[in-house]
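Coordinates in review
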Amino acid sequence: MEPSPPRQDGSKLEEGLGVQPRRAVDLDMVPNLRRSNSKIGKSQYLYGNCGKGEEWDPKQHVREMPTDAFGDIVFTGVGQKMGKFVRVSQDTPSSVIYHLMTQHWGLDVPSLLISVTGGAKDFIMRPRLKSIFRRGLVKVAQTTGAWIITGGSHTGVMKQVGKAVRDFTLSSSYNKGEIVTIGVATWGAVHNRDSLIHPAYIVDEDGQGHLTCLDSNHSHFILVDDGTHGRYGVEIPLRSRLEKFISEQTKERGGVAIKIPIVCVVLEGGPGTLHTIYNAVTHGTPCVVVEGSGRVADVIAQVASLPISEISISLIQQKLSELFPEMFHTFTESRVVEWTKKIQDIVRKRQLLTIFREGKDGQQDVDVAILQALLKASRSQDHFGHETWDHQLKLAVAWNRVDIARNEIFTDERQWKPSELHPMMAAALISNKPEFVKLFLENGVLLKEFATWDTLLHLYGNLDPACLFHSKLQKVLSEEPAACPVQMHHVAQVLRELLGDFTQPLYHAPRTGDRPRPLLPVPPVKLNVRAGHDAFTMDPVRDLLIWAIVQNRRELAEIIWAQSQDCITAALACSKILKELSKEEQDTDSLEEMLVLTAEFENRAIGVFTECYRKDEERAQKLLVRVSEAWGRTTCLQLALEAKDMKFVSHGGIQAFLTRVWWGQLSVDNGLWQVVLCMLVFPLLYTGLISFRESRLRAGGGLGRLRAFFSAPVVVFHLNVLSYAAFLGLFAYVLMVDFQPTPSGCERLLYFWLFSLVCEELRQFFYNPDGYGLMKMALRYFSDFWNKLDIGAILLFIVGLACRLTPALRYPGRVVLSLDFILFSLRLLHIFTVSKTLGPKIIIVKRMMKDVFFFLFLLAVWVVSFGVAKQAILIHNEGRLDWIFRGVIYHSYLTIFGQIPAYIDGVNFNLDQCSPNGTDPYKPKCPESNTSQLEPAFPEWLTVTLLCLYLLFTNILLLNLLIAMFNYTFQQVQEHTDQIWKFQRHDLIEEYHGRPPAPPPLIVLSHLHLFIKRVILKMPARQHQQLKSKLEKNEEAALLSWEVYLKENYLQSRQRQREEQRIQALSSKVDAMVDLLEMEHLKRSGTLEQRLASLEEQAARTTSALHWIMKALRDGSFGSEEGIPTLAPQKASEGQDSAVDSRQQTEDPGDPHHVNARHLLYPSAPVTRFPVPNEKVPWETEFLIYDPPFYSAERKDGGPADPMGGALEPLSGISFNAVDGPVDRRSFHGAYVVQDGLPLNPMGRTGLRGRGDLCCFGPNHTLQPVVTRWRRNQDGAICRKRIKRMLEVLVVKHALSGHWALPGGSQEPGETLPRTLKQVLGRECWPCFRNLLAQGTEVYKGYMDDPRNTDNSWIETVAISIHFPNQSDVELKKLNSHLHACDPETSVQWQVTDKHIPLHAGHKTILQKVAALYGAYY
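Reading guide: rules and limits
- Residues numbered from 1 in each chain as written.
- Predicted model: local features only at pLDDT ≥ 70, side-chain atom pairs only at ≥ 80, totals over all residues.
- Heavy atoms only, no water.
- Helix = DSSP H or I, 4+ residues; strand = E, 2+ residues; numbered from the N terminus.
- Buried < 20%, exposed > 50% of the residue type's maximum accessible area, 1.4 Å probe, protein only.
- Contact = heavy atoms within 4.5 Å.
- Areas by Shrake-Rupley, 256 points an atom, 1.4 Å probe, with all protein chains shown as cover.
- Polar contact = N/O pair within 3.5 Å; in protein donor to acceptor, adjacent residues only side chain to side chain.
- Disulfide = S-S within 2.5 Å.
- Core = buried A, V, L, I, M, F, W, Y, C linked by side-chain atoms within 4.5 Å.
- Salt bridge = Lys/Arg side-chain N within 4 Å of Asp/Glu carboxyl O.
- Patch = residues over 30% accessible without salt bridge, like charges linked within 9 Å, V, L, I, M, F, W, Y side chains within 5 Å.
- Phe/Tyr/Trp six-rings, centres within 6.5 Å; stacked < 30°, edge-to-face > 60°.
- Lys NZ or Arg CZ within 6 Å of the ring centre and 35° of its normal.
- Axes fitted to C-alpha atoms, helices over the stretch in contact; angles between N-to-C directions.
- Parallel < 35°, antiparallel > 145°, perpendicular 65-115°, else oblique.
- Nonpolar A, V, L, I, M, F, W, Y, C, P; charged D, E, K, R; others polar.
- Pairing = 2+ DSSP bridges.
- Expected span 1.5 Å × (residues − 1).
- Lys, Arg positive; Asp, Glu negative; His and termini not counted.
- Charge placed at Lys NZ, Arg CZ, Asp CG, Glu CD.
- 1 Å grid on protein atoms, 1.4 Å probe; cavity = no way out; pocket = protein on both sides within 12 Å on 5 of 7 lines; lining within 4 Å.
- Points joined across faces, edges and corners; volume = space filled by probe spheres on them.
- Left-handed = near helix turned anticlockwise from the far one by under 90°.

When its secondary structure is counted, the protein shows 46 helices and 31 strands. Per-residue burial for the protein yields a buried fraction of 48% across its 1418 residues. In the protein, once contacts between residues fewer than 6 apart in sequence are set aside, the share between residues at least 24 apart is 70%. Accessible surface, the protein: about 71100 Å² in total, of which carbon and sulfur atoms supply 56%.

Laid out in structure tokens, this is it:
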């Protein structure tokens, strides 16, 4: 074939699959992608003529070439839609195509595969059903991350799917994710397929003829080529293999792995659709049939509720005549029989068949029907133990459909243990599915048991890579000397950066002698739980909350926080973490979400604290200062201050606590004048002028009352205020009055006073009760603005003092000290912050200073520009720098305030006021002037114009802008000023709470005492108990329990408020709707009443006319009074539906005929049985067209077997209904019929003649020993379920078949033990087991419905129960000791007896009889 022309870029395949040398062939990545090229030519249809006498053969007339059609397909004419496609050969391996879709096309592995099948031609659906189908299909695909696979053409059901996807793309929810819709079509049946080699494809429905166009709404296409043209159905085998391959793949997320489930959705359809449904049901694929869509779908839907015995050939023939009127004449008798058999087999597996009926069965949408069908199919599958339920739960979590899990899985039928939900809990957390987390918590999962150490490592190992915390954690790991997995001390390092250094590490690094904690892999079913004392952390709920918060997962964090115990501290810690992360977050949306979540947790902390404060003020205040070990030994108050949660700190309860701390042991009811008066005259303390909180201080006297008064922060503050005022007064006196050449006594006192201030600053700097390092102490100290101001003032004072003590620099020293006085005076503003009146105003001034700072940049532009221009115009070559500064900056700035230069307009020009040559240092240089006429020479009009413009922009524009900025700042800050003041009030209270009682300069005595204690006696510093206290364990536990109780009250009240708001909103909507309806009724009521009146009038006239006619007829002797007809009442039709519904509820009484022996596909052989419907099974029933194939297989194991049976001569020597040598050919059901030399199956027709895979014609006898024992727990007691005792049965599994079965089967001639049992048991156990069989109980003897049975060969079995009632039974112990697989391909194990045990259907029936024999649970 000719090489394809260059194509546009857009697909990775263009670089890996092209045939031109410039396209690199990447056979390692996507091997074997080929397309077929027919030698016949594209004009050939189906099997074309290859020449005279030559038959077309795909192996001879088709050759494979590298595919030349792949990449991006652009649909022109329909909005320029784009998809991806590839042309492949019909025998391309499914693994190659799957690799292409997931690696090159970049599709995520699906959680569900939806195969939509049905009519290939356009059909009509009811508008409502069409809307329901489209909405439901897209919803299930979007919510579960499913792939939708169709035929890909723009006709029939594929067109309906495409329109569903189109409606979704046009909706507002399109940005939530694209729907993956894959079309698998036949290359030779695609119209305009040649254009696919080029980048554009035209959808031409009018000119497509017998071919079909691709549907533009599909996202991906796989075009299957077998070299034919115009032949449909080529893609069906490849599509079936691909769907089967995908359904065998595993999707793993969050430590939980599931096989990708598949569901078949059927709309309309013809014979091919029926075959597809039959194959799907045969292979265990659930099907959802949409009733009302037409043809095959309606046939199956209408008979699905009937018992199998009522689905007869005549009924199916009737349905076909109704639903296939155009092609009914083509249905032969054999074809109707085949349809009947297939429909019976389909309906028989009701667990795999779901009928979606519009508006019935509680189904509101197709998505619920699809997911319920999958769960129903999963529930019906046989598994050991609880594997069925586990699989269903995995599916629900993968689909993110909590509604399905709540209604279908968490029912009374299955009681879940909390530990069984732990793997799903981890998966729900990792995949961010909060509704499932809430559901698991409702069903008994305890976070304290779930969040083990290994679970946390697993969760942090699966952090969202897009979150900021993940990048910070990776940065910490990169600093490790060697590559290592995430450990909790790495997490603690990042968390301490976020929470602050005032907290202790939440997780400690392993000690040097400890063994490294392995990061255990998490299997798909169960998470590893470490046993021992270190399996659980200090607070598992805290750990999960932090994990959710660092990923900014709001709903998860709120759910986990509701489970926390130390909830106020947790909420404040979350607020702190989020605020720190928001400072580094680059994504705007994530930043907004973080800030919203920060405010939410602050509000939650406020809400819980409000509940606590209302209940008990004292206990609530204990919560503020309680040391929380779980959160790094910090307190609620400290976290709120570090996080700058002003709203929380400004809470009335916290402010009351701060006020209490502020007053110390004094009563808060004392007046300020009383405090000041007692400060000045302290003997008044003993007169009762001041009241105390403690009774001992109120009753007693002495030094205790004096110490309590002067140690109160409010007294310490006012003493320091008086002291600082005296210091400033002394400083001012020295500067203005007593600044002598040698320091006077007052000046020396000033120096000593300053020394006491320096000592106090040093004390504050080195105050370290929490054990911080020197660097942390420095950062903490200099983070306060007022400390910076103090250090600056002290350093400037030292510089001024050094200059003052130097005789030559005495005056500059006085200047420096004068400037330093300004700094010391500004320090008074900090003292004023305690005032409720002045404090907020100082905050406003502070904010306005920022506005002024930025305003000066704008003002400087105008000042400098005008000053330079004015100076250049007026003055010529001014060389003095100071006068240049005056002319450019100083004069221009003063001009704003009205000091306009006198000579700028030339009116007040005077040479006496200036220096002509600029030589006079006290006069400015004269402007440009005419020396002869003594008049100015500069252009006055220009300078005046510049001045006017300058004043216009500065005085009017800029100054008003500054006023507007001040007003905006005032309005903005005024709303939060009270909060800011209350927040900053804490710093002042804390400062004076820890300050020595004596004011400067007497504070030196306190410093000397402190120096002796800390430096000489080495006594450690202690934290103030009122701001940080550690409670006893019992007291702390009681306090936290009380907090949890009130948290629940808060959450309930919040839930009630939400419900009330929701009800109020709904009520307003209802009221609005009622108003609209009333208005509409008023509009239509007049017309309606007129029409009713007209109808009444017409009815009256009609009645009178009828009376007149009847009277005339009677008068003419044409009738009598007796014959007057009366109107019969209408019969209600409601009963019809109820009859149908009741019929649907009736269950099948059971198939009277063998079922497995009539499966159309014979096991392990390419043989198809003749279809035998139920009514044609008995030999007595006439079945003229019955023509089954003949099949007898050779024994693969080389054992004895009857002849093949193709001719009657070799069978003539067989004696049926008798013991024929070593073979017993007698039946348990009596003598059977031998026809034409072959025995007939006593149970009826099977659709296959011969002996099949069995050994003998006639009955094949087997022995099934049922070995059971009681299931016991660790204590040896018998386990019970629903009161009944539980059995365990011995089962074996063959690796070749993969099925579990009882350890029985056929016997060798002369042997009593089956071959399988001999393989399981050791040779020394054979005699013992023969005795057990002889003593056993026979539970069944007769025919076995086996898929290997034929018309002439069948299996009959004897089931013997061998039960060990005592666990100490010698024979049981010997059996357990010798249970081993002599055959390496066989495995043996004890399994609990249950109706879901995965055994052969006949074996399950036997097992049920055994359970009934012993009264055990089944």
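Turning our attention to unusual backbone geometry. Trans is the common state for peptide bonds, and a negative phi is the common state for residues other than glycine. The linkage connecting P1000 with the following residue, P1001, adopts the cis geometry, with an omega of 0 degrees. Assignment of secondary structure puts P1001 in the loop between α39 (940-993) and α40 (1003-1016). Notably, R633 is not glycine yet its phi reads approximately 60 degrees, a positive angle. As for its placement among the helices and strands, R633 is situated in the loop between α24 (617-625) and α25 (636-642). Of the residues examined, R633 reaches a relative accessible area of 47% and is grouped as partly exposed. The phi torsion at K644 lies on the positive side, around 60 degrees, for a residue other than glycine. With respect to the helices, strands and loops of the structure, K644 is situated in the loop between α25 and α26 (646-649).

Let's shift gears to the side chain of R357. Relative to the elements of secondary structure, R357 occurs in the loop between β14 (353-356) and α11 (366-380). Classification of R357 as buried rests on a relative accessible area of 11%. At a separation of 3.0 Å, a polar atom in the side chain of R357 contacts the main-chain carbonyl oxygen of A301.

Okay, the state of the cysteines next. What the rule picks out here adds up to 0 disulfides. In this structure C636 is not part of a disulfide, and its nearest cysteine sulfur, from C567, lies 8.6 Å away.

Okay, the nonpolar core next. With 185 residues, the main nonpolar core has F440 and F469 as its most contacted residues. In this structure, V266, I277, V299 and I346 belong to the second largest nonpolar core, which totals 42 residues.

Residues of helix α15 (residues 434-442) that are buried: P434, F436, V437, L439, F440 and L441. With its phi angle positive at about 105 degrees, G444 sits one or two positions after the end of α15.

Counted under the stated rule, the structure contains 40 salt bridges. With a closest N to O distance of 2.9 Å, R604 and E600 form a salt bridge. Of this pair, R604 and E600 both sit in helix α23 (residues 588-615), 4 residues apart, which is roughly one turn of the helix. A residue is classified by how much of its surface remains accessible, and R604, at 5% relative accessible area, is buried. For E600, a relative accessible area of 8% gives the class buried. Where salt bridges share partners, they join R554, E558, E600, R604 and R1054 into one cluster.

On to a nonpolar patch on the surface. Taken together, the side chains of Y811, V815, L819, I822, L826, L829, F832 and L838 make up a nonpolar region of the molecular surface, amounting to roughly 710 Å² of accessible area. Looking at the nonpolar patch, the elements with two or more residues in it are α35 (810-826) and α36 (828-832). Broken down by element, the nonpolar patch gets its largest block of residues, 5 residues, from α35. You can see L829 is positioned in helix α36. For L829, a relative accessible area of 34% corresponds to the partly exposed category.

This model, assessed by the stated rule, comprises 40 aromatic pairs. Considering the side-chain rings of Y724 and F727, the 5.8 Å spacing of their centres and the 40 degrees angle between planes classify their relative orientation as tilted. Residue Y724 and its partner F727 are both found in helix α31 (residues 713-736); the two are separated by 3 residues, about one turn of the helix. One exposure class covers both Y724 and F727, and it is buried. Note on Y751 and F797: the rings are 6.1 Å apart at their centroids and 75 degrees apart in plane angle, and the pair reads as edge-to-face. Of the two residues, Y751 sits in helix α32 (residues 745-766) while F797 sits in helix α34 (residues 785-805), which places them 46 residues apart along the sequence. Residue Y751 is classed as buried on the basis of its relative accessible area, which comes to 18%. Among the residues examined, F797 registers a relative accessible area of 1% and is labelled buried. Lying across the ring of F331, R335 places its NZ or CZ 4.8 Å from the centre. Over the ring of Y278 we find K342; its NZ or CZ atom is 5.8 Å from the centre of that ring.

One way to put it is that α24 packs onto helix α27 (residues 652-663) with a least axis distance of 10 Å and a crossing angle of 80 degrees. Here α24 is positioned roughly perpendicular relative to α27, judged by the angle of their axes. Of the residues in α27, those in contact with Q621, L624 and V625 of α24 are G653, I654, A656, F657 and R660. In terms of residue class, the contact of α24 with α27 is made up of 5 nonpolar, 2 polar and 1 charged.

Glancing now at the pairing of β14. Neither face of β14 is left uncovered, since the one carrying L353 and I355 and the one carrying T354 and F356 both have all their residues buried. Alignment of strand β13 (residues 287-290) against β14, held across 4 bridges, turns out to be parallel. What sits directly across from V289, in β14, is I355.

With 12 residues, α27 ought to run about 16 Å at 1.5 Å a step, and its terminal C-alpha atoms sit 16 Å apart, in line with that. For α27, the complete set of buried residues consists of G653, I654, Q655, F657, L658, V661, W662 and W663. Phi turns positive, to about 60 degrees, at G664, one or two residues after α27.

For strand β9 (residues 220-225), a buried count of 6 out of 6 residues is recorded, marking the element as mostly surrounded by other parts of the structure. Of the two faces of β9, both are covered, the one formed by H220, I222 and V224 as well as the one formed by F221, L223 and D225. Where strand β7 (residues 180-186) lies against β9, 5 bridges are found, and the strand directions are parallel. Directly across from I182, in β9, lies its bridge partner H220.

On the surface, D587, D589, E592 and E593 cluster together to form a negatively charged patch. As for its position among the elements, E592 is in helix α23. We classify E592 as partly exposed; its relative accessible area is 48%.

The next thing to look at is empty space enclosed by the protein. The rolling of a water-molecule-sized probe over the atoms marks out the regions of remaining empty space. The full count for this structure, using the stated rule, is 5 cavities of 30 Å³ or more. Of the voids in this model, the largest cavity is the one considered here, and its volume is about 260 Å³. Forming the boundary of the largest cavity are 20 residues, of which Y724, L757, E761, R827 and R995 lie nearest the centre. Where the lining of the largest cavity is concerned, the elements lending two or more residues are α31, α32, α34 and α39. Of the residues that constitute the lining of the largest cavity, the class distribution is 11 nonpolar, 3 polar and 6 charged.

Another point: the packing of helix α28 (residues 672-680) against α31. In contact at an axis separation of 11 Å, α28 and α31 are set at 65 degrees when each is read in the N-to-C sense. Taken as axis vectors, α28 and α31 run roughly perpendicular relative to one another. Where α28 crosses over α31, the handedness of that crossing is right-handed. On α31, the residues touching L672, V675, M679 and L680 of α28 are V715, H718, L719 and L722.

Bringing the environment of L947 into the picture now. Here L947 is to be found in helix α39. Look at L947 and you get buried, because its relative accessible area is 9%. It is 8.8 Å that separates the C-alpha atoms of L947 and I900, two residues lying 47 residues apart in sequence.

On the secondary structure map, H718 appears in helix α31. By relative accessible area, H718 is classed as buried at 16%. Other than its neighbours up to four places away in sequence, H718 contacts L672 and M679.

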